[in-house]
Every structure is written in C-alpha cells, then in structure tokens.
There are 2 protein chains.
Amino acid sequence: MRISELSRRSGVSVATIKYYRREGLLPEGRALNPTAVEYGEEHVQRLRLIRSLIQLGGLSVARTREVLDAVDRPLDAFETLGVVHHALPVPSADTNGEGGKDDAGPDADGDEAAPGEGVAARVEALIESMGWQISDGSPHRSELAASLAALGRVGADYTVDDLLPYARLATSTADLDFAQLDGIEDRIALAERAVVLAALFEPVVRLLRRLAQEDANHRRHHRRASGRSGPPAG
Amino acid sequence: MRISELSRRSGVSVATIKYYRREGLLPEGRALNPTAVEYGEEHVQRLRLIRSLIQLGGLSVARTREVLDAVDRPLDAFETLGVVHHALPVPSADTNGEGGKDDAGPDADGDEAAPGEGVAARVEALIESMGWQISDGSPHRSELAASLAALGRVGADYTVDDLLPYARLATSTADLDFAQLDGIEDRIALAERAVVLAALFEPVVRLLRRLAQEDANHRRHHRRASGRSGPPAG
C-alpha cells in the first residue's frame, strides 16, 4: 500500500508517519521506483504499536526506539521482557521530568533524612521474604526504595510486614499477566504483546484499583452510616 | 517558628515556601509584626504534603490546590476520598494532553472496530459482575473504557471474563488500602493519609507488580530452560 493508505489504515497522519520514519522508529518501505514506496501489514502493526507506546504508554521517542529495538533483536522472550521492563517508566520520584521540577518551585534540595540504607534494606528483605529472583541491574529495586523513602518523609513508614500482603497480590497479578502470554508462539508477537501488557495494560490495573477503592469506600461508609453489617453486594 | 526554621524542618527552600504561599497552597502564618511571621507544626506537615503531591504524585499546582481544598473542607472522610479520587491523575488515554483527544476523536474510525459502546458496555458489565458501587460522576469508568479501547486498537481485546480475575485482585488490594486508614481517627489526618495512599503509595504497588513480573519471567524461563517443574523458591 502507499503512504496515504498506510495513514488511513493505521490512523496516523502522513506527517507523523514521516516523522517516525526519520526518527528511525518505522522501517523503510519497499521502493517501487524513485518516487513510490510500498508499505505492508507489518508497517500498519508497527505504527499502531509506536502510537500506543508514545501516546498511551507516555514513552519518549528515545525510549520507544529502545523498546522497538528489543522487540526486533533476536533475543529470547525472557531477555526481551527484561529490556522492556527496564525501559518502561513507572511514575515515581523521577518520572515527571518537566512537571516535577518546574512545579516544585525554585529549588527542592535539603532533604532532612537521606533515604538510603533503611529503605534499601527493607526492599532486599521483602524480595528475600518473597523468594523473588530479581536481576542486579533491575531499576525497580532503587525505585521502590525511593518510593518508600518518599512515603517516610510524609510520615508514612511501611515495614516489610506491611508490604508483604501487597507483594503477594502482586505475584498473583503477575501470574495473570503471564497467563496472557502463554498461548503466543511467535516471538515478535510475544514481545509486542509483552510491551502492550506493560505499557497499556498497566493503566487498566490501576483503574481497576481505583474503582475497587471507590467501592471499598462506599462499603465502609455504608457500614458506618447504617450500622448494618455489610453491603448487599457479594 | 520563622520561615528559615520552617524551611529547615520541612526540607523545602525559603523561595519555594514563598512560591507555594503565593499560589495559595500554604496558609499564611501568624503575623507577629509587620516584618515577622510565625509558622507552626501544621505548616511543616502541610509543606511536606504539598511537596509530595507535586514532586511524587506528579500533580499540577492547580490539582494540588483542589486536593488540599478537599482535605480542608468539612466533608466526611467518604466525600473527601471521593474528591481525592477524582483529582488524582491515572496515566491513561487522556493524561498525555496532546495524545488523548486525537485518539478519542473521529480519527479512530476507519479502524475495523470503532471503540465506544463496546468497551463502555464491558466496563458496566464488569462493575455489575463485581457488585461494585461506583458513582455516576466517577471519571474512572470512561478512563477504563478508553484504556480498553486503546488496547483493542493494538489488537489486544479483553473480555469481561479476562478482566474479572484482575478486578478481584484489585478488590483485595483496595481492602488492604482501607485497612491502612482504619486506625486513624482525626479527620484531617485521615484525609491526608488517603491522599498519600492514592498519590504516593500507587507507585509502590506498580513497582511490586514489576518486580513480581520479573520474578514470574525468571520462573517461566527457568522452567522452560531446565525442564524442571519449578523454581526452588517458595
């Protein structure tokens, strides 16, 4: 198909397609002659993935390239997932680049307590208690420690015992995640689905938690307000 | 205490304190005389909360003001939590300013399946299946529908049955969340903790899921690579 058809099929404008091509996100099409380029189904699929990663996953072009490179490299699924995991941002202290710094005002140094060993030790103890196998290069250890330190600074300290029930539910959720990947044999399709899972399915999990919190708030309110033993739902 | 002491105690610079005061986030101190203002413990606590909401929660100044207003209003905890829930952003279709609107627009037609009623109906069916009580004004319904539509556009369609196990785990997580609030009697402290929980604890839950996914990936790889029945952990 020509670029106009590719645009129609993918829902991405011609200008944006050219931009992605210049940025190296989208492979070249097949040159039919000096002025006409033919694109295939793989370009449609790739464009949708790029668009989703950037618009919905919130990834930068550079990060998107990193993820696409991992998807394209002849790694096994295990390694591909490792790269994807490390590339995808998790909103925490350092994610909001622009927003965080500007909004925080003139400067924001002067932490009263250097977060560090206390929270890092808690993260290690949690990982050990769970029997989790986590690579040394994982950024999530230090990100979790940073999140716990941030909570500590507003007076919300979490012990390993506080976190364990959450960690157990996280394991159950991760098992559901991998069940989604189990039927997929094609390596590229598997990697792409893993990207989608990590980048696009995460908001679903968060929104389900928000809905469940609203319901939990209602149930709690209902119990307190009416003195009855519970809501009719079940 | 004077502003210099407030700065030291809160870890927020004097310039930033003045910025927050100008923006109406921090209440005025008590004027001792025309050049000296006295601040109290409530200012220290408030500053830490503001800083956390902006830097870690990723909230804009306007959103932060909205949340603080809710915390200050004489609402009961139930209503306060409702406001907090609706104010706190969840990365999804509409978070990335620029991306969201394009995606939802008529742009998306010409795709084989127009997202819309299909996903909204799925969200309603899910809420009904779970017996969740969700207010009509909740933004999370449409955000969830938008997330599901986005997944559908990259070929990842989720049925109500696919989502139910996730929703059940979300309920368990929400129950843990509310257990954290149960011991707190003071209304302001309760609301503040709820803000912290929604804004700052959410990354912890996401990071635990990431760590659990890495472990699940290891376990899966180990099983495939070695042909053994399972990892030693557990």
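Residues numbered from 1 in each chain as written. Chains lettered and ligands numbered in written order. Predicted model: local features only at pLDDT ≥ 70, side-chain atom pairs only at ≥ 80, totals over all residues. Heavy atoms only, no water.

Caption draft 1: Representation of the overall build of chain A. Helices and strands together make up the secondary structure of chain A, namely 11 helices and 2 strands. Reading the helices (α) and strands (β) of chain A from amino to carboxyl end gives α-α-β-β-α-α-α-α-α-α-α-α-α. Classification of the 234 residues of chain A by burial places 48% in the buried group. Within chain A, residue pairs in contact and separated by at least 24 positions form 59% of the contacts whose partners lie at least 6 positions apart. Taken as a whole, chain A presents about 10600 Å² of accessible surface, with 51% of it coming from carbon and sulfur. (Helix = DSSP H or I, 4+ residues; strand = E, 2+ residues; numbered from the N terminus. Buried < 20%, exposed > 50% of the residue type's maximum accessible area, 1.4 Å probe, protein only. Contact = heavy atoms within 4.5 Å. Areas by Shrake-Rupley, 256 points an atom, 1.4 Å probe, with all protein chains shown as cover.)

Caption draft 2: Main features of the packing of helix 9 (residues 160-181) of chain A against helix 9 (residues 160-181) of chain B. At their nearest, the axes of helix 9 of chain A and helix 9 of chain B sit 10 Å apart, and the two run at 165° to each other. Judged by the inter-axis angle, helix 9 of chain A sits roughly antiparallel to helix 9 of chain B. Helix-helix and strand crossings are classified by hand; for helix 9 of chain A and helix 9 of chain B the assignment is left-handed. Residues A:P165, A:Y166, A:L169, A:S172, A:T173, A:L176, A:D177 and A:Q180 of helix 9 of chain A form the contact with helix 9 of chain B, whose participating residues are B:P165, B:Y166, B:L169, B:S172, B:T173, B:L176, B:D177 and B:Q180. In terms of residue class, the contact of helix 9 of chain A with helix 9 of chain B is made up of 8 nonpolar, 6 polar and 2 charged. (Axes fitted to C-alpha atoms, helices over the stretch in contact; angles between N-to-C directions. Parallel < 35°, antiparallel > 145°, perpendicular 65-115°, else oblique. Left-handed = near helix turned anticlockwise from the far one by under 90°. Nonpolar A, V, L, I, M, F, W, Y, C, P; charged D, E, K, R; others polar.)

Caption draft 3: How the structure looks around helix 8 (residues 140-153) of chain A. Compared with an ideal rise of 1.5 Å per residue, which puts 14 residues at 20 Å, helix 8 of chain A spans 20 Å between its outermost C-alpha atoms and is within 8% of the ideal. Buried residues of helix 8 of chain A: A:H140, A:R141, A:E143, A:L144, A:A145, A:S147, A:L148, A:A149, A:A150 and A:L151, and no others. (Expected span 1.5 Å × (residues − 1).)

Caption draft 4: Local environment of the relation of the copies chain A and chain B. The two copies are related by a screw operation: chain A maps onto chain B through 180° of rotation and 0.0 Å of translation along the axis, at an RMSD of 0.2 Å. Taken together, the rotation and translation relating the two chain copies correspond to the operation of a two-fold axis. Measuring from the rotation axis to each C-alpha of chain A, the shortest distance belongs to A:L169, at 3.3 Å. Interface overlap between copies is the fraction of interface residues in one copy that are interface residues in the other; for chain A against chain B it reaches 92%, indicating a shared surface. (Least-squares fit on C-alpha atoms with pLDDT ≥ 70 in both.)

Caption draft 5: Geometry of empty space enclosed by the protein. Going through the model one piece at a time under the given rule, you end up with 6 cavities of 30 Å³ or more. Reported here for the largest cavity is a volume of approximately 260 Å³. As for the largest cavity, its lining consists of 18 residues, of which A:T173, A:V205, A:R209, B:V205 and B:R209 are closest to the centre. Elements with a minimum of two residues in the lining of the largest cavity: helix 9 and helix 11 (201-226) of chain A together with helix 9 and helix 11 (201-226) of chain B. For the lining of the largest cavity, a count of residues per class yields 10 nonpolar, 2 polar and 6 charged. (1 Å grid on protein atoms, 1.4 Å probe; cavity = no way out; pocket = protein on both sides within 12 Å on 5 of 7 lines; lining within 4 Å. Points joined across faces, edges and corners; volume = space filled by probe spheres on them.)

Caption draft 6: Fine view of helix 4 (residues 61-72) of chain B. Given a rise of 1.5 Å per residue, 12 residues ought to cover 16 Å, and the 16 Å separating the end C-alpha atoms of helix 4 of chain B matches this to within 8%. Taken as a whole, helix 4 of chain B has its buried residues at B:V61, B:T64, B:V67, B:L68, B:A70 and B:V71.

Caption draft 7: Geometry of the interface of chain A and chain B. Contact residues are listed per partner, giving 99 residues for chain A and 101 residues for chain B. Taking both sides of the interface into account, the surface hidden between chain A and chain B amounts to around 9700 Å²; carbon and sulfur atoms contribute 59%. If you sort the residues of chain A by the area they bury against chain B, A:Y166, A:R209 and A:R210 come out on top, with a joint share of 9%. A salt bridge links A:R210 to B:E202; the shortest N-O distance between them is 3.2 Å. Put simply, the parts of the chain that give the side of chain A that touches chain B at least two residues each are helix 1 (3-10), helix 3 (41-56), helix 5 (77-87), helix 6 (97-104), helix 8, helix 9, helix 10 (187-199) and helix 11 of chain A. Top element by residues in the side of chain A that touches chain B is helix 11 of chain A. It accounts for 21 residues. By residue class, the composition of the side of chain A that touches chain B is 47 nonpolar, 27 polar and 25 charged. (Buried area = accessible area lost by both parts, 1.4 Å probe. Salt bridge = Lys/Arg side-chain N within 4 Å of Asp/Glu carboxyl O.)

Caption draft 8: Layout of the pattern of salt bridges. Under the definition given, this model contains 28 salt bridges over all chains. Salt-bridge contacts for A:R141 lead to A:E124; the nearest nitrogen and oxygen are separated by 2.8 Å. Taken together, the residues span a long stretch of sequence, with A:R141 in helix 8 and A:E124 in helix 7 (residues 117-130) at a distance of 17 residues. Between A:D177 and B:R209 there is a salt bridge, with its nearest N and O atoms 3.1 Å apart. Highlighted residues: A:D177 in helix 9 and B:R209 in helix 11, drawn from two different chains. Each member of the pair, A:D177 together with B:R209, is buried.

Caption draft 9: Region of interest: the pairing of strand 1 (residues 30-33) of chain B. Relative to strand 2 (residues 36-38) of chain B, strand 1 of chain B runs antiparallel, the two being bridged by 3 bridges. Opposite B:N33, over in strand 2 of chain B, you have B:A36 as the bridge partner. (Pairing = 2+ DSSP bridges.)

Caption draft 10: Looking closely at the confidence of the model for chain A. Residues and elements named next belong to chain A. The predicted model of chain A has a mean per-residue pLDDT of 79, with 79% of residues at 70 or higher. Of all secondary-structure elements in chain A, the lowest mean pLDDT belongs to helix 6, at 37, while helix 2 (residues 14-22) reaches the highest, 94. Taken together, the stretch residues 92-115 has pLDDT below 50 and engages in 40 contacts with residues farther than four places along the chain or on a different chain. (pLDDT = per-residue confidence, 0-100.)

Caption draft 11: Summary view of the packing of aromatic side chains. Residues and elements named next belong to chain A. Under the defined criterion, the tally for this structure stands at 6 aromatic pairs over all chains. Centroid distance Y19 to Y20: 5.9 Å. Interplanar angle 45°. Geometry classified as tilted. The class of Y19 is partly exposed, set by a relative accessible area of 32%. By relative accessible area, Y20 is classed as buried at 5%. (Phe/Tyr/Trp six-rings, centres within 6.5 Å; stacked < 30°, edge-to-face > 60°.)

Caption draft 12: The environment of A:R220, seen in detail. Positionally, A:R220 belongs in helix 11. Between the alpha carbons of A:R220 and A:T35 there is a distance of 66 Å; along the sequence they are 185 residues apart. For A:R220, the contacting residues outside a window of four places in its chain are B:F178, B:L181 and B:D182.

Caption draft 13: Fine view of the side chain of B:T64. Residues and elements named next belong to chain B. On the secondary structure map, T64 appears in helix 4. Relative accessible area serves as the criterion here: at 0%, T64 is assigned to the buried category. Once residues within four sequence positions are removed from consideration, T64 is found in contact with L25, I50, L53, I54 and L59.

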